[in-house]
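Structural overview for review
Okay, here's what each chain looks like letter by letter:
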Amino acid sequence: MSRALTFAAAQLGPIARAESREDVVVRLLEMMREGHSRGCDVIVYPELALTTFFPRWYFEDQEEIDFFFERSFPSPVTQPLFDEAKRLGVGFHIGYAELVEQEGRLRRFNTAVVVDKNGEIALKYRKIHLPGHAEHEPYRPFQHLEKRYFEVGDLGFPVVRSMDGNLGICICNDRRWPEAYRVMGLQDVEAVFIGYNTPTHNPPAPQHDHLTSFHNHLSMQSGAYQNATWVVAAAKAGREEGVDMLGQSAIIAPSGEIVAMASTLEDELIVAKCDLDLCRSYKETWFAFDKHRRPEHYGLIVERTGAQPPGSK
């Protein structure tokens, strides 16, 4: 008997800076109810799903920055998502900006959680591969200041057994890094949930712009195949505050094949019934890690950050 879960990627269209969290939660609830009507077990919302993508602006006032952060999760505004998930018996994944006091100081992370069918948080992840820059770069038509507004995540890449599957999370730029998938693959992950906000224009390297959509799927398809896992990826899409954001939310099989993809740049739910046991045919053959991995030869992966040419010191 197969272990099939029906996953949905809940792509969001643009969120205006003036749009309230309450308005966004109404949109999320509508998609949750649609997912339930289509038999979904888990609904995957994007990265930083509750507000506009604020790292595109340079702020100096910390209060102005902290407006975009959640001091508790769930909060009174987001509690209806948890309540409705429990009422409907569906799980969900969602990304948000997290403000937390730890070690006697305030810390800020780009965070995502998986919530189970009982409305309880089953897994939390804090984004590790922060893209962009930390200082004001006025030459850009828009900023990408994640390195200014967030700390590097401190939870690693955990995998949890929940809703009859081994589930993991990575966020946006993490999807480009094979190490993220492999650490989860070594925990027998069967589904990786990814939310992203990806501009179609990259000011430091505009020559890559025409490849943005190709690279988006390439990285996730290879991560799925090389780690024998499903990938469910949800975008924030469309023209948001003057910036064009990539869509193409997708559900990807352990074979690396795309089995569902969004066709708009608006709020759109894509759904696929995913047999988690399909992972086994790859985990037990090409990617039987216990038989074929040779970690004694992979030392450079953890010993070195930057690339060095042969013969350098």
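Everything below is about the structure printed above this text.
My aim in this report is to walk through the structure given alongside it, one point at a time. (Residues numbered from 1 in each chain as written. Predicted model: local features only at pLDDT ≥ 70, side-chain atom pairs only at ≥ 80, totals over all residues. Heavy atoms only, no water.)

We now examine the sheet that holds strand S9 (residues 230-236). The six strands lie next to each other as S6-S7-S8-S9-S12-S13, forming an open sheet whose pairing is mixed. Strand pairing shows two members of the sheet lacking a second neighbour, strand S6 (159-162) and strand S13 (258-261), which therefore form its edges. Adjacent strand axes in the sheet meet at a mean angle of 20 degrees when their direction is disregarded. The sheet contact formed by strand S8 (residues 191-197) and S9 spans seven bridges and is parallel. Bridging across to S9, Ala-191 finds its partner in Trp-230. On the sheet, helix H5 (residues 178-185) packs against S6, strand S7 (165-171), S8 and S9 and is oriented at approximately 160 degrees with respect to S7. In this fold helix H6 (residues 212-226) packs onto S8, S9, strand S12 (250-252) and S13, with an angle of close to 30 degrees to the strand it touches most, S12. (Pairing = 2+ DSSP bridges. Helix = DSSP H or I, 4+ residues; strand = E, 2+ residues; numbered from the N terminus. Axes fitted to C-alpha atoms, helices over the stretch in contact; angles between N-to-C directions. Contact = heavy atoms within 4.5 Å.)

Residue position: Lys-86 is located in helix H3 (residues 79-88). The spatial distance from the C-alpha of Lys-86 to the C-alpha of Tyr-196 is 25 Å, given a sequence separation of 110 residues. Among residues more than four places away in sequence, those in contact with Lys-86 are Lys-117, Asn-118 and Gly-119.

This part is about the pattern of salt bridges. Counting across every chain of the model gives 30 salt bridges. The salt bridge partner of Glu-240 is Arg-56, with a shortest N-O separation of 2.8 Å. In this pair, Glu-240 sits in strand S10 (residues 238-240) while Arg-56 sits in the loop between strand S2 (42-44) and helix H2 (62-66), placing the two residues 184 residues apart along the sequence. Accessibility classification places Glu-240 together with Arg-56 in one group, the buried group. Between Glu-190 and Arg-161 there is a salt bridge; the shortest N-O distance is 3.6 Å. On the criterion of sequence distance, the pair formed by Glu-190 in the loop between H5 and S8 and Arg-161 in strand S6 is long-range, its members being 29 residues apart. (Salt bridge = Lys/Arg side-chain N within 4 Å of Asp/Glu carboxyl O. Buried < 20%, exposed > 50% of the residue type's maximum accessible area, 1.4 Å probe, protein only.)

Let us look at the packing of aromatic side chains. According to the stated counting rule, one finds 17 aromatic pairs in the structure shown. On the basis of an interplanar angle of 75 degrees and a centroid distance of 5.6 Å, the ring pair of Phe-7 and Phe-193 is categorised as edge-to-face. Of this pair, Phe-7 sits in strand S1 (residues 4-11) while Phe-193 sits in strand S8; the two residues are 186 residues apart in sequence, bridging distant segments of the chain. The pair formed by Phe-7 and Phe-193 is uniform in burial state, with each residue classed as buried. What links up through ring pairs into an aromatic cluster is the set Phe-54, Trp-57, Phe-59, Phe-67, Phe-68, Phe-69, Tyr-149 and Phe-150. (Phe/Tyr/Trp six-rings, centres within 6.5 Å; stacked < 30°, edge-to-face > 60°.)

With mixed pairing, six strands are arranged side by side in an open sheet as S5-S4-S3-S2-S1-S14. The strands lining the two open edges of the sheet, one partner per strand, are strand S5 (121-126) and strand S14 (268-275). This sheet shows a mean twist of 35 degrees between the axes of neighbouring strands, independent of strand direction. Relative to strand S4 (residues 105-115), strand S3 (residues 91-102) runs antiparallel, the two sharing 11 bridges. Considered in S4, the bridge of His-93 is made with Val-114.

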